[in-house]
Amino acid sequence: MPADDIDTGHPHSARIYDYIIGGKDYYPADQEAGDAMVREWPALPVHMRANRDFMNRAVRYLAEEAGIRQFLDIGTGIPTSPNIHEIAQSVAPAARVVYVDNDPLVLGLSQGLMSGTPEGRTAYIEADMRDPASILDAPAFRDTLDLKEPVALAVIAIVHFMLDEHDATGIVRRLLEPLPAGSYLAMSIGTAEFAPDEVGRVAREYAARGMPMRLRTHGEAAEFFTGLDLVEPGIVQVHKWRPDGTGAEVVRDEDIAMYGAVARKPS
């Protein structure tokens, strides 16, 4: 990958996330931004780890209990083990996963997303979620996923970077449209309802670096799941979605600024 493709002088949301959760694929601009955000809200690392844990539990639920064998992950971010294919293929070695992101750094690290089981398949698409056709029309999408069988669409910690003019709910519906009945949507959705002052300050830090945010209420989060059948416990803060007791830290409600839910596309 040409180094020129990566803008190292400006922070990027995926790299800030990687830095804050203890990764290694970031640049000084990302570290500066992450440090500034954590100063504004010291619980930010707890919040980000809880979001990551939610994704892992949701994928395990979908593979183990819902029997899903195909996953479409939008806004993959920098590979962090366990990745979706590692969780899904530990349950079902033949599981298939398509990852989608538009950050050249993620593309450069995507080999880490390709190390699946011999029985399964993984693929990576460089595309922008705001252009659903670029994902749905990609050869890797059609070649990897069988649209006669259910697919789990994962949209984790990304729609808070989509403003009203981007029509995030419409985009998610467009991505769900070709997926057959019995498919699932797993989402985490940023909110300021539990720590409005602290999360508001973090949002201002993002906006000052060219990453404005749109945080949503519970009612606005629910709009993404219109027409779908929510899996219990419905739309809750991510740490409250089917906790499995494996987390090492005590998480307070006011330390979490993300709703999470999983829902099934009915027949």
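Before any of the text, the structure's been laid out above.
Residues numbered from 1 in each chain as written. Predicted model: local features only at pLDDT ≥ 70, side-chain atom pairs only at ≥ 80, totals over all residues. Heavy atoms only, no water.

**Considering empty space enclosed by the protein**
All told, the structure shown has 1 cavity of 30 Å³ or more when counted by the stated rule. Estimated volume of the largest cavity: approximately 50 Å³. Contributing to the lining of the largest cavity are Met55, Ala58, Val59, Leu62, Ala152, Leu153, Ala154, Ile156 and Ala186. At the level of elements, α3 (44-64) and β4 (152-156) are the ones that each hand at least two residues to the lining of the largest cavity. Class assignment of the residues belonging to the lining of the largest cavity gives a composition of 9 nonpolar, no polar and no charged. (1 Å grid on protein atoms, 1.4 Å probe; cavity = no way out; pocket = protein on both sides within 12 Å on 5 of 7 lines; lining within 4 Å. Points joined across faces, edges and corners; volume = space filled by probe spheres on them. Helix = DSSP H or I, 4+ residues; strand = E, 2+ residues; numbered from the N terminus. Nonpolar A, V, L, I, M, F, W, Y, C, P; charged D, E, K, R; others polar.)

**Quick word on helix α1 (residues 13-20)**
Across the 8 residues of α1, 7 count as buried, placing the element largely inside the fold. Listed in full, the buried residues belonging to α1 are Ala14, Arg15, Ile16, Tyr17, Asp18, Tyr19 and Ile20. Elements in contact with the buried residues of α1: α2 (28-40), α3, α5 (104-109) and α9 (196-208). One or two residues past the end of α1 sits Gly22, with phi positive at roughly 95°. (Buried < 20%, exposed > 50% of the residue type's maximum accessible area, 1.4 Å probe, protein only. Contact = heavy atoms within 4.5 Å.)

**Points about the packing of α3 against helix α4 (residues 84-91)**
Look at α3 against α4: their axes get within 9 Å of each other, and the N-to-C directions meet at 30°. The pairing of α3 with α4 is recorded here as roughly parallel in orientation. Relative to α4, the crossing made by α3 is right-handed. Judged by residue contacts, Met55, Asn56, Val59, Arg60, Ala63 and Glu64 of α3 engage Ile84, Ile87, Ala88, Ser90 and Val91 from α4. (Axes fitted to C-alpha atoms, helices over the stretch in contact; angles between N-to-C directions. Parallel < 35°, antiparallel > 145°, perpendicular 65-115°, else oblique. Left-handed = near helix turned anticlockwise from the far one by under 90°.)

**A few points about unusual backbone geometry**
Between Ser81 and the following residue, Pro82, the backbone shows a cis peptide bond with an omega angle of 0°. Note on placement: Pro82 falls in the loop between β1 (70-74) and α4. Cis geometry is adopted by the peptide bond preceding Pro233, which originates at Glu232 and carries an omega value of 10°. Relative to the helices and strands, Pro233 resides in the loop between β6 (229-230) and β7 (236-237). Unlike most non-glycine residues, Ala157 shows phi in positive territory, near 50°. When you line up the elements, Ala157 lands in the loop between β4 and α8 (168-176). In this model, Arg242 sits at a positive phi of 45°, which is unusual for a non-glycine residue.

**Regarding the packing of α1 against α2**
Contact geometry for α1 and α2: axes closest at 9 Å, N-to-C directions at 65°. Taken together, the axes of α1 and α2 are roughly perpendicular relative to one another. α2 is crossed by α1, and the crossing has right-handed handedness. From α1, Arg15, Ile16, Tyr19 and Ile20 reach across to α2, where they touch Asp30, Gln31, Ala33, Gly34, Asp35, Met37 and Val38. Each residue belonging to the contact of α1 with α2 can be placed in one class, and the counts come to 6 nonpolar, 2 polar and 3 charged.

Everything listed is a geometric property; what it means functionally is a separate question.
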